[in-house]
Amino acid sequence: MSTNVDTLVLGAGPGALAIAAALCNEKVHVGILSSNEPREIWPYTYGIWGEEVDSLGLQSLLKHRWVDTVSFFGEGSKNKSSQKNLPTKHSLDYGLFDKKKLQEYWLKQCDDGSVEWYRGTASKLDINDSISSVTTTKGDVIKARLIVDATGYEPAFLKVPKEGDIAVQTCYGIVGKFSSPPIDKNQFILMDYRCDHLSQSEKEEPPTFLYAMDMGNDLFFLEETSLGLSPPLKLEVLKNRLEKRLEHRGIKITHIEHEEHGLFLPMNIPIPDLNQAILGFGGSAGMVHPASGYLVGSLLRRAPSVAKAIAFAMKDINKSPLDIAKEGWKALWPKELRRKQALYHFGLEKLMRFKEEQLRSFFLSFFDLSKEQWYGFLTNSLSLSQLVKAMWTMFQKAPLNVKWGLFEMKGREFKLLIKFLSPSI
Ligand SMILES: Cc1cc2nc3c(=O)[nH]c(=O)nc-3n(C[C@H](O)[C@H](O)[C@H](O)COP(=O)(O)OP(=O)(O)OC[C@H]3O[C@@H](n4cnc5c(N)ncnc54)[C@H](O)[C@@H]3O)c2cc1C
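Residues numbered from 1 in each chain as written. Predicted model: local features only at pLDDT ≥ 70, side-chain atom pairs only at ≥ 80, totals over all residues.

Next up on the list: the overall build of the protein. A count of helices and strands for the protein gives 13 helices and 17 strands. Here the C-alpha radius of gyration of the protein, 22 Å, is about what a compact globule of 425 residues would show, namely 22 Å. Projected onto the principal axes, the alpha-carbon positions of the protein cover approximately 75 × 45 × 35 Å. Relative to its 425 residues, the protein shows a buried fraction of 41%. Excluding contacts between residues fewer than 6 apart, the proportion of contacts in the protein whose partners are at least 24 apart in sequence is 74%. (Helix = DSSP H or I, 4+ residues; strand = E, 2+ residues; numbered from the N terminus. Rg over C-alpha atoms; globule rule 2.2 N^0.38 Å. Buried ≥ 20, exposed ≤ 12 C-beta atoms within 10 Å, placed from the backbone. Contact = placed C-beta atoms within 7 Å.)

A separate point is the sheet that holds strand S7 (residues 94–97). Read across the open sheet, the three strands follow the order S3-S7-S4; overall the sheet is antiparallel. Each end of this open sheet is capped by a strand with a single partner; those strands are strand S3 (47–49) and strand S4 (62–66). Sheet twist, expressed as the mean angle between neighbouring strand axes with direction ignored, is 25°. Where S4 meets S7, four bridges bridge the pair, whose relative direction is antiparallel. Pairing of histidine 64 across the sheet is with leucine 96, part of S7. (Pairing = 2+ DSSP bridges. Axes fitted to C-alpha atoms, helices over the stretch in contact; angles between N-to-C directions.)

Following serine 230, the chain continues into proline 231 via a peptide bond in cis, with omega recorded as 0°. Turning to its location among the elements, proline 231 is positioned in the loop between strand S15 (219–226) and helix H5 (235–248). The backbone of asparagine 186 sits at a positive phi, close to 60°, despite the residue not being glycine. By the element assignment, asparagine 186 lies in the loop between strand S12 (168–178) and strand S13 (187–192).

The subject of this paragraph is the site of the ligand. Residues in contact with the ligand amount to 34 residues; listed here are only the nearest, Gly11, Gly13, Gly15, Gly152 and Gly282. Among the elements that line the shell around the ligand, the one with the most residues is helix H1 (residues 14–25), at three residues. (Near = placed C-beta within 6 Å.)

Compared with the 20 Å implied by 1.5 Å per residue over 14 residues, the 20 Å span of helix H11 (residues 384–397) between its first and last C-alpha is a close match. When we look at burial in H11, the residues that qualify are Leu387, Ala390, Met391 and Met394. Seen along its axis, H11 keeps its buried residues to an arc of 95°; they face one direction. Turned more than 90 degrees off the buried face of H11, the exposed positions are Ser385, Trp392 and Gln396. (Expected span 1.5 Å × (residues − 1). Arc of directions from axis to C-beta.)

Along its sequence, the protein is carved into domain 1 (5–42 + 99–162 + 272–333), domain 2 (47–97 + 165–266) and domain 3 (337–421). Relative to domain 3, the C-alpha centre of domain 1 lies at a distance of 31 Å. Taken together, the contacts link seven residues of domain 1 with 10 residues of domain 3. In terms of residue class, the side of domain 1 that touches domain 3 is made up of three nonpolar, four polar and no charged. (Domains from an automatic or database assignment. Nonpolar A, V, L, I, M, F, W, Y, C, P; charged D, E, K, R; others polar.)

Each regular strand shows side chains that alternate between the opposite faces of the sheet. Along S15, seven of the eight residues are buried, which leaves the element largely enclosed by surrounding structure. With eight bridges joining them, strand S14 (residues 208–216) and S15 adopt antiparallel strand pairing. Considered in S15, the bridge of tyrosine 211 is made with glutamate 223. In sequence, S14 turns back onto S15 through a hairpin of two residues, with asparagine 217 there showing a positive phi of about 50°.

Here the focus is the environment of lysine 355. With respect to the helices and strands, the residue lysine 355 is situated in the loop between helix H8 (335–351) and helix H9 (356–366). Judged by local crowding, lysine 355 falls into the partly exposed class, with 14 C-beta atoms found within 10 Å.

With that settled, the discussion passes to the nonpolar core. Ranked by internal contacts, the top residues of the largest apolar core, which has 111 residues, are Val9, Leu10, Ile19 and Ala20. Setting aside anything within four residues of it in sequence, one finds valine 9 in contact with Ala16, Ile19, Ala20, Val30, Gly31, Ile32, Val148 and Ala150. (Core = buried A, V, L, I, M, F, W, Y, C linked by C-beta atoms within 7 Å.)

Here the focus is the environment of leucine 343. Locating leucine 343 in the fold gives a position in helix H8. Counting along the chain gives 165 residues from leucine 343 to phenylalanine 178, while the straight-line C-alpha distance between them is 41 Å.

Before going further, it helps to examine the packing of H1 against helix H3 (residues 99–112). At their nearest, the axes of H1 and H3 sit 8 Å apart, and the two run at 35° to each other. Crossing geometry of H1 relative to H3 is assigned as left-handed. Along the contact surface, H1 presents Leu17, Ala18, Ala20, Ala21, Cys24 and Asn25, while H3 presents Gln103, Trp106, Leu107, Gln109, Cys110 and Asp112. Tallied by class, the residues present in the contact of H1 with H3 amount to eight nonpolar, three polar and one charged. (Left-handed = near helix turned anticlockwise from the far one by under 90°.)

With that out of the way, let us pick up the packing of helix H6 (residues 296–314) against helix H7 (residues 321–332). Direction vectors running N to C along H6 and H7 enclose 155°, while the axes themselves pass 8 Å from each other. Between H6 and H7, the angle falls in the class roughly antiparallel. The hand of the H6/H7 crossing is right-handed. Counted together, Arg302, Ser305, Val306, Ala309, Ile310, Ala313 and Met314 of H6 and Asp323, Ile324, Glu327, Gly328, Lys330, Ala331 and Leu332 of H7 form the full contact between these two elements. Class assignment of the residues belonging to the contact of H6 with H7 gives a composition of eight nonpolar, two polar and four charged. (Parallel < 35°, antiparallel > 145°, perpendicular 65-115°, else oblique.)

If you want it as structure tokens, here you go:
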């Protein structure tokens, strides 16, 4: 049976473009089917650690880069010089991608390769022993040997097992001007957990932190954020917390350039069923880091090896869509990564239940790990044994209230430990 392309990628977000570009580099004939214009600007802001982007040689894709990178895990106080306001210095650069440049970086590799662009929404999937075909809502049919579903957190076709409630991170943010600088000049704040602006009863509610950066020209980006929670924290709560935080420090918003509300980021999406005849990539395929919510670094690192595995499998013309997808899944989710993912989900399960004081103590111990350990943890670049060692060291360093929280089994921890020991289950 004839095909339109070798591989059809569904979507045009970072996940889709990363894998399509890598496949083009492997000389695979690629089709990209997306509901939206592929050059449409993505809605989110993509951050990454400087070292991560440097190691890929892609530092030129950044729009902003900060050297003064800190977090606050003290209680906070109106007295600026109080110990309670002491920053934890990360001593590691942090950057924000220039979204246009990142998009063009991938699109250029696609344009230099062999790519067919299709516009439409995929609504039906048919697969037999030799071919897969996708039908759009308008009735167009595209045939390929492999389908890669990169349609985000609610994938069009990919089967993802249900493993309980999904922990969702929510954020409310503004880019704007203020009556006085809300953070230090040229500073980036990963997490500001100071909570002296909250009443006692608010401190009992799920904690939130401020993610903030000086964007230059008197503009600041401030985002009140919750860690992954189930049910997710309501946006009104986050907005109210941000306003309270600023009011407490006597700061007024004088101009809002951009408001980000309604952003939801699922943190613990399970690894998809690895025995299906299509492949996933990006948010659809559980690639979001369960602790940080970051994805782009992992897309850039993992796309080339997955594309290589697909290209190699396709050389055998007798391989079915299922055979090719299996090779792709093996490259995307090898056993070690699956075991690490179970550990990350285990960690998130714990953090979801921590009260604000426990969380602040937890992060103080976490960032007291060596830079290699905490950075490796946050970028998923430690080996399994290094990850276990980092978690164990962190446990040893942690104060009693955190140790106790880490011990308590209130959720899915037991199941996740079994998954860690035997990731095929
Ligand atoms: C608030 C927020 C902040 C984030 N911050 C960061 C960060 O700082 N750093 C970082 O690395 N990551 C961050 N992420 C995570 C991650 O990078 C993004 O969520 C990313 O957009 C996911 O990429 P994706 O391509 O998998 O999915 P999406 O970006 O959701 O793209 C899905 C694509 O599929 C298309 N599509 C959907 N259904 C169909 C269909 N049926 N047929 C055809 N096309 C379809 C859509 O039109 C879209 O083009 C953040 C996420 C959120 C939500």
